[in-house]
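Report on the structure
Below, each chain spelled out in residue letters.
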Amino acid sequence: MSQATAAGILGTGSALPDKVITNFDLEKMVDTSDQWITERTGIKERRQAAPCDYTSALCIRAGREALKRAGVEPRELDMIICSTISPDMPLPATAAFIQHGLGARNIWSFDLAAACSGFLFGMTLADQFIRSGRTRYVLVVGAELLSRFLDYQDRSTCVLFGDGVAAGVFGPVSPPAGILATEMHTDGQYAGHLYIPAGGTVRPATCETVKARQHYIKMKGNELFKVAVRSLEDVSRRVLESAGITVDQLDLFIPHQANQRITDAVRERLGLKPDKVFSNIDRIGNTSSASIPLCLDECARSGRLKKGDLVLMSAFGAGVTWGAALMRW
Ligand code: ACO
């Protein structure tokens, strides 16, 4: 395969469960209110997968749609990256089920665990592999069924997260289109701020871990809030600078949808006008690694993202991980 001068997204697709959980539904489960959730997070509703749904099944739906819109056949794929912290099962990788389900060749397919930053991590890998000439078409899927790991007795987490999957087919594009700059980070000193205590090698599953509700997401939200705002601003600025692009030149900013107050704070610090920022958190909640591709898919379908537009994406999540990517659509 010959080297490509640029890599970009050729098509997107998504799969959202039908079931909607509103703030009023949550009022019946935990001591919370629509007013608190709306004011503190901007979320009004989120999706929840049916018991018969599972991560790879939604990935295959989203992947098929992305391939169709890209005009790429499953057998033409050279790599599948599934970004998820809510896999089908601990072993094997969810990407193996996606590869088989899509009818792709026996290509390199693997999972990537970087939480909310995962799609951008995957995008960065796809960019490198395509530009080096090692691969031509890469499917990157951001997939989360976080409702399976939520404690519906813990009001500090269960109101925030939702389920959803979205995918992008990456391939060679002609400049000026394509990925212009990316930058990714991890700082494990904050790992204990957002984690699932049991089910791994540190604390394997026992009756006690189940009774102690240690298989659910635990989060120190207010600690993360400060780190998130600072990191998202810094990495967004650096990516713009490395591409020689100013904030005024941006057509669209897609931040990870963690909290509307985080989005507003980052927007203000960057000096962006509100109409340049996309948000669907009111309808979708925080879907971790599916968040950015769900936004991309919605923007691409609605015409909010047009050929030639400059779009900046930035994300922050468990690990902690964070990163940003600048792309000309
Ligand atoms: N309803 C009502 N009250 C609540 C709720 C709720 N759902 N949740 C918390 N409270 C209460 C708390 O108990 C606390 O009460 P107290 O003052 O009596 O102790 C009060 O509200 C304030 O709690 P804080 O946690 O300080 O609330 P905050 O304003 O920080 O909002 C939130 C919490 C929404 C979690 C916010 O901190 C946040 O969004 N943090 C960032 C999350 C993030 O970025 N995560 C990383 C990405 S996710 C991923 O990677 C998977």
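Residues numbered from 1 in each chain as written. Predicted model: local features only at pLDDT ≥ 70, side-chain atom pairs only at ≥ 80, totals over all residues. Heavy atoms only, no water.

**Notes on the overall build of the chain**
Filter applied, for reference: Helix numbers and strand numbers start at the N terminus; a helix is a DSSP run of H or I with at least 4 residues, a strand a run of E with at least 2. Radius of gyration here is computed from C-alpha atoms only, and the compact-globule reference equals 2.2 Å multiplied by the residue count raised to the power 0.38. Here's how the labels work: a residue is buried when its accessible area is under 20% of the maximum for its type, exposed when over 50%, partly exposed in between, all with a 1.4 Å probe on protein chains only. Pairs of residues are marked as contacts when any of their non-hydrogen atoms sit within 4.5 Å. The positive count covers Lys and Arg only, the negative count covers Asp and Glu only, and His and the chain ends enter neither. Taken as the charge centre is NZ of Lys, CZ of Arg, CG of Asp or CD of Glu, depending on the residue.
Looking only at helices and strands, one finds 11 helices and 13 strands in the chain. Against the globule reference of 20 Å for 329 residues, the chain gives a C-alpha radius of gyration of 19 Å, in line with a compact fold. A principal-axis box enclosing the C-alpha atoms of the chain has dimensions of 55 × 45 × 35 Å. Residue burial in the chain is summarised as follows: out of 329 residues, 54% are buried. Look at the contacts in the chain between residues 6 or more apart in sequence, and 77% of them connect residues 24 or more apart. Taking the 37 positively charged and 35 negatively charged side chains of the chain as two groups, their mean positions are separated by 1 Å.

**Some details on the side chain of Ser147**
To keep things clear, this is the line we draw: Each polar contact in these results corresponds to two N or O atoms within 3.5 Å; when the atoms are within protein, one needs to be able to donate a hydrogen and the other to accept it, and residues that are neighboring in sequence are counted only if both atoms are side-chain atoms.
Along the chain, Ser147 turns up in the loop between strand S6 (138–145) and helix H6 (155–158). Taking the relative accessible area as the measure of exposure, Ser147 reaches 11% and is therefore buried. A polar contact is formed between the side chain of Ser147 and the side chain of Asp163, at a distance of 2.6 Å. The residues touching Ser147, leaving out its near neighbours within four places in the chain, are Gln48, Ala49, Tyr152 and Asp163.

**So, the sheet that holds strand S1 (residues 7–15)**
Strand pairing in a sheet is mediated by backbone hydrogen bonds. Such pairs are either parallel or antiparallel. Spelled out, the test is: Each pair of strands is called paired provided DSSP finds at least two bridges between the two strands. Lines fitted to C-alpha atoms define the axes, with helix axes restricted to the stretch in contact, and inter-axis angles between N-to-C directions lie between 0 and 180 degrees.
Pairing is mixed in the open sheet, where five strands are placed in the order S1-S7-S6-S4-S5. Two strands close off the open sheet at either side, each with one partner strand: S1 and strand S5 (108–112). On average, adjacent strands in this sheet sit at an angle of 15 degrees to one another, irrespective of strand direction. Here strand S4 (residues 79–83) pairs with S5 via five bridges, running parallel.

**Digging into the nonpolar core**
To be explicit about the condition: Buried Ala, Val, Leu, Ile, Met, Phe, Trp, Tyr and Cys residues form a nonpolar core when they are joined through side-chain atoms within 4.5 Å. Each domain span listed reflects an automatic or database assignment of domains.
Counting residues in each nonpolar core, the largest one holds 42 residues, and the members touching the most others are Leu312, Phe316 and Leu326. With eight residues, helix H8 (residues 221–243) is the single largest residue contributor to this core. In this structure, this core is formed jointly by two domains, domain 1 (7–174) and domain 2 (179–328), each of which donates at least three residues. When neighbours within four sequence positions are excluded, Leu312 is seen to be in contact with Ser236, Val239, Leu240, Leu250, Leu252, Phe253, Ile254, Ala324, Ala325 and Leu326.

**Thoughts on helix H2 (residues 34–41)**
Owing to its 3.6 residues per turn, the α-helix aligns residues three or four sequence positions apart on the same side. Note the cut-off: Think of the arc as the fan of directions from the helix axis to the C-beta atoms.
Of all the residues in H2, the buried ones are Asp34, Ile37 and Thr41. Viewed along the axis of H2, the buried residues span an arc of 80 degrees, placing them on a single side of the element. In H2, the exposed residues that point more than 90 degrees away from the buried face are Gln35 and Glu39. Of the surrounding elements, those touching the buried residues of H2 are helix H1 (23–27), strand S3 (45–48), helix H9 (260–270) and helix H10 (281–284). Downstream of H2 by a residue or two, Gly42 has a phi angle that is positive, lying close to 85 degrees.

**Brief notes about the pairing of S3**
Residues Arg46 and Gln48 of S3 are buried on one face, while the alternating residues Glu45 and Arg47, pointing to the opposite face, are not. One ladder, built from four bridges, connects strand S2 (residues 19–22) with S3; its direction is antiparallel. Residue pairing for S3: Thr22 is matched across the bridge by Glu45.

**Topic: the packing of aromatic side chains**
Put simply, the rule is: When two rings of Phe, Tyr or Trp (its six-membered ring) have centres within 6.5 Å they constitute a pair, described as stacked for plane angles under 30 degrees, edge-to-face for angles over 60, and tilted for the intermediate range.
Applying the stated rule across the entire model yields three aromatic pairs. Taking 5.3 Å as the distance between ring centres and 40 degrees as the angle between the ring planes, the aromatic pair formed by Trp108 and Phe110 counts as tilted. Look at Trp108 and you get partly exposed, because its relative accessible area is 46%. In this structure Phe110 comes out as buried when scored by relative accessible area, which is 19%. Geometrically, the ring pair formed by Trp108 and Phe129 is edge-to-face, given 5.4 Å between the ring centres and 85 degrees between the ring planes. Residue Trp108 is found in strand S5, and its partner Phe129 is found in helix H5 (residues 118–132); the two are separated by 21 residues along the sequence. A relative accessible area of 18% means that Phe129 is categorised as buried.

**A look at the site of the ligand**
Rules: The cutoff for a nearby residue is simple: one of its non-hydrogen atoms must lie within 4 Å of the molecule or strand. Residue-level accessible areas treat just the shown protein chains as cover; the underlying method is Shrake-Rupley with a 1.4 Å probe.
Taken together, the neighbourhood of the ligand is formed by 27 residues, with Thr32, Arg40, Cys116, Asn259 and Ala318 sitting nearest. Within the contact set of the ligand, a nitrogen atom lies 2.7 Å away from a side-chain nitrogen or oxygen of Thr32. Within the side chain of Trp36, a nitrogen or oxygen atom sits 3.4 Å from a nitrogen atom of the ligand. In isolation the ligand exposes 1000 Å². Once the protein is present, 75% of that is buried.

**A word on the environment of Gly164**
Position of Gly164 relative to the elements: it lies in strand S7 (residues 163–172). Through-space distance from the C-alpha of Gly164 to that of Gln48 is 8.1 Å; in sequence the pair is 116 residues apart. In this structure, Gly164 is in contact with Ala15, Leu16, Pro17, Gly142, Ala143, Glu144, Thr287, Ala290 and Leu294, ignoring residues within four places of it in sequence.

**Focus on the domain arrangement of the chain**
We apply this condition: Simply put, the buried area is the total loss of 1.4 Å probe accessible area from both parts when two parts are fitted together. A pairing counts as a salt bridge when a side-chain nitrogen of Lys or Arg comes within 4 Å of a carboxyl oxygen of Asp or Glu.
Annotation of the chain at the domain level lists domain 1 (7–174) and domain 2 (179–328). For domain 1 versus domain 2, the separation of C-alpha centres amounts to 14 Å. Taken residue by residue, the interface counts 51 residues in domain 1 and 45 residues in domain 2. Roughly 3800 Å² of surface becomes buried between domain 1 and domain 2 when both sides are summed, with 62% attributable to carbon and sulfur atoms. If you sort the residues of domain 1 by the area they bury against domain 2, Cys116, Leu120 and Phe149 come out on top, with a joint share of 16%. As a salt-bridge pair, Asp151 and Arg213 come within 2.9 Å of each other at their nearest N and O atoms. If you look at where domain 1 meets domain 2, you find 22 residue pairs in polar contact (both at pLDDT 80 or more). Elements that contribute at least two residues to the side of domain 1 that touches domain 2 include exactly S1, H2, S3, helix H3 (55–70), H5, S6, H6 and S7. With seven residues, H5 is the largest single contributor of residues to the side of domain 1 that touches domain 2.

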